[in-house]
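# Coordinate inspection notes
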Amino acid sequence: MLNSLELLAVEAESCTTCNLAEGRTNVVFGAGKPDADLMFVGEGPGAQEDRWGLPFVGRSGKLLDRLLDEELGIDRGSCYISNVVKCRPPENRDPRPSEIAACQPYLEQQIQIIDPLVIVTLGNFSSKLLLETDTGITKLRGRAYPFRGRQLVPTFHPAAALRGGTDVLARMRSDMVRAKVLMGHV
Ligand code: URA
């Protein structure tokens with residue numbers, strides 16, 4: 001029997017609610033431990049993710065894997081990784097408000113089913129969406145926010161660290177440590 005997360009994934013695989021369905025190769029629903037204490041939410045699939053149907057398998061994903069290993073001492077199988085939109089925006093453009101709204105029920109249900117203790121939002125799109133704010137990630141990050149009985153730790157998107165060098169990376173590292181402390185793993 002399929003569990004509720006698997007059933008939701010099956011539903012998402014045939015989703016045509018927004019126009020992103022037209023250009024996708026695969027729906028990138030999310031991957032990881034279905035009852036993880038720690039959940040990451042990125043922006044949306046890129047070319048590699050679209051190709052493989054898995055989140056964060058390109059360059060950003062390699063950096064995320066490194067941070068998981070070096071700051072949290074875990075691999076991706078011990079957490080859950082998802083995105084705001086589950087289908088690749090063409091040419092890697094930003095997801096549009098209508099696409100984000102169309103996909104939001106999937107993210108909301110993922111959060112409910114996985115029921116993580118800590119959510120780490122990667123970048124502007126997921127941070128602004130879940131915290132319901134227009135404030136940008138540079139101002140938002142550096143602290144945790146109470147979020148529906150759990151904690152939300154906003155940090156930069158790994159792509160920003162790949163572009164922005166050591167300062168962004170150092171701040172991402174400290175945000176990862178914040179998430180680890182909140183999970184009581186220290
Ligand atoms: N960037 C994202 O936001 N998500 C992915 O899955 C890959 C790259």
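Residues numbered from 1 in each chain as written. Predicted model: local features only at pLDDT ≥ 70, side-chain atom pairs only at ≥ 80, totals over all residues. Heavy atoms only, no water.

## Considerations on the packing of helix α4 (residues 59-72) against helix α9 (residues 166-182)
Where α4 contacts α9, the two axes come as close as 10 Å, and the packing angle between them is 55°. Taken together, the axes of α4 and α9 are oblique relative to one another. Here the hand of the crossing between α4 and α9 comes out right-handed. In this structure, α4 uses Leu63, Leu64, Arg66, Leu67, Glu70, Glu71 and Leu72 to contact α9, whose residues at the interface are Leu169, Met172, Arg173, Met176, Val177 and Lys180. Taken together, the residues of the contact of α4 with α9 sort by class into eight nonpolar, no polar and five charged. (Axes fitted to C-alpha atoms, helices over the stretch in contact; angles between N-to-C directions. Helix = DSSP H or I, 4+ residues; strand = E, 2+ residues; numbered from the N terminus. Parallel < 35°, antiparallel > 145°, perpendicular 65-115°, else oblique. Left-handed = near helix turned anticlockwise from the far one by under 90°. Contact = heavy atoms within 4.5 Å. Nonpolar A, V, L, I, M, F, W, Y, C, P; charged D, E, K, R; others polar.)

## Regarding a nonpolar patch on the surface
A grouping of Leu2, Leu7 and Val10 is seen on the molecular surface, where their side chains present a nonpolar patch of about 260 Å² in accessible area. Relative to the helices and strands, Leu7 is located in helix α1 (residues 4-13). (Patch = residues over 30% accessible without salt bridge, like charges linked within 9 Å, V, L, I, M, F, W, Y side chains within 5 Å. Areas by Shrake-Rupley, 256 points an atom, 1.4 Å probe, with all protein chains shown as cover. Salt bridge = Lys/Arg side-chain N within 4 Å of Asp/Glu carboxyl O.)

## Focus on the pairing of strand β2 (residues 38-42)
By the criterion of burial, β2 is predominantly enclosed, with five of the five residues buried. By the alternation rule, side chains of β2 split into Leu38, Phe40 and Gly42 and Met39 and Val41, which are all buried. Judged from the four bridges that link them, β2 and strand β3 (residues 80-83) form a sheet pairing that is parallel. Paired with Met39 across the bridge in β3 is Tyr80. (Buried < 20%, exposed > 50% of the residue type's maximum accessible area, 1.4 Å probe, protein only. Pairing = 2+ DSSP bridges.)

## Structural notes on α1
Listed in full, the buried residues belonging to α1 are Leu5, Leu8, Ala9 and Ala12. Considered in projection along α1, the buried side chains sweep an arc of 105° and stay on one side of the axis. On its buried face, α1 sits against β3 and α5 (97-114). You can read the cap of α1 off the contacts: a side-chain oxygen lies 3.1 Å from the backbone nitrogen of Leu5, and it is on Asn3. (Arc of directions from axis to C-beta. Polar contact = N/O pair within 3.5 Å; in protein donor to acceptor, adjacent residues only side chain to side chain.)

Distances and angles like these do not, on their own, reveal function.
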